[in-house]
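An overview of the molecular structure
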Amino acid sequence: QVQLVESGGASVQAGGSLTLSCAASGYTYCMGWFRQAPGKEREGVAGVYTGGGRPTYYADSVKGRFTISRDNAKNTVYLQMNSLKPEDTAVYYCAADTFRCGSWIPANFAYWGKGTQVTVSS
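These figures come from a predicted structure and were not determined experimentally.

Another point: the overall build of the chain. Scanning the chain from terminus to terminus reveals zero helices and 11 strands. Ordering the α and β elements of the chain from the N terminus gives β-β-β-β-β-β-β-β-β-β-β. On C-alpha atoms alone, the chain measures out to a radius of gyration of 13 Å, which is about the 14 Å that the 2.2 N^0.38 rule sets for 122 residues. Each principal axis of the C-alpha distribution contributes one length, and for the chain these read about 40 × 25 × 25 Å. The buried share of the chain, taken over its 122 residues, is 43%. Sequence separation of at least 24 residues holds for 58% of the intrachain contacts in the chain that already meet a minimum separation of 6. If you sum the accessible surface of the chain, you get close to 6200 Å²; carbon and sulfur atoms cover 49% of it. Positive and negative side-chain charges of the chain, numbering 11 and 8 respectively, have mean locations separated by a distance of 3 Å.

Laid out in structure tokens, this is it:
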């Protein structure tokens, strides 16, 4: 089984920055981030793949503000979030899978972290 441990959630002011991290205990073909705000469905934020030929994923709402990166030696992914907006407020979940790794919808990912709260105040 793959274990995912998230960290870095916090409360910040609008315009601020925050970095989330997710450490995986085993092999993952893909790793990335979802988020879920109260009363809304979980949505993909950003993701990366181990293999070549598949592009890094970013939701349109975060392009230009968020950057996902991967440290293969540490089997860890990071989400650098800049220019945060109140609408970024959500529980952020790390997700991963060992195969397939289709489009960034929750049903395509077998392993999940427990979530970390990000709150952006105006």
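For the rest of this paragraph, the subject is the environment of N75. As for its placement among the helices and strands, N75 is situated in the loop between β7 (66-71) and β8 (76-81). Judged by relative accessible area, which is 23%, N75 ranks as partly exposed. Put simply, N75 and Y49 are 26 residues apart on the chain and 12 Å apart in space, counted from C-alpha to C-alpha. Excluding residues within four positions of it along the chain, N75 makes contact with C22, A23, A24, S25, G26, T28 and M31.

We now examine the side chain of D88. Tracing the sequence through the fold places D88 in the loop between β8 and β9 (90-97). Its relative accessible area of 0% is what places D88 among the buried residues. Here D88 is in contact with R35, R65, F66, S83, V118 and V120, once residues within four sequence places are set aside.

Under the defined criterion, the tally for this structure stands at eight aromatic pairs. Note on F34 and W104: the rings are 5.6 Å apart at their centroids and 40 degrees apart in plane angle, and the pair reads as tilted. You can see F34 sitting in strand β4 (residues 30-36) and its partner W104 sitting in the loop between β9 and β10 (111-112), a full 70 residues away along the chain. Like W104, F34 is buried. Between Y57 and W104 the ring centres are 6.1 Å apart and the planes differ by 10 degrees, which places this aromatic pair in the stacked class. Residue Y57 is found in strand β6 (residues 57-58), and its partner W104 is found in the loop between β9 and β10; the two are separated by 47 residues along the sequence. Accessibility expressed as a relative area gives 26% for Y57, which makes it partly exposed. Cluster of aromatic residues (ring-pair linked, three or more members): Y29, F34, Y49, Y57, Y93, W104, F109 and W112. Stacked on the ring of W112, the Lys or Arg R42 has its end atom at 4.9 Å from the ring centre.

Calculation rules
Residues numbered from 1 in each chain as written. Predicted model: local features only at pLDDT ≥ 70, side-chain atom pairs only at ≥ 80, totals over all residues. Heavy atoms only, no water. Helix = DSSP H or I, 4+ residues; strand = E, 2+ residues; numbered from the N terminus. Rg over C-alpha atoms; globule rule 2.2 N^0.38 Å. Buried < 20%, exposed > 50% of the residue type's maximum accessible area, 1.4 Å probe, protein only. Contact = heavy atoms within 4.5 Å. Areas by Shrake-Rupley, 256 points an atom, 1.4 Å probe, with all protein chains shown as cover. Lys, Arg positive; Asp, Glu negative; His and termini not counted. Charge placed at Lys NZ, Arg CZ, Asp CG, Glu CD. Phe/Tyr/Trp six-rings, centres within 6.5 Å; stacked < 30°, edge-to-face > 60°. Lys NZ or Arg CZ within 6 Å of the ring centre and 35° of its normal.

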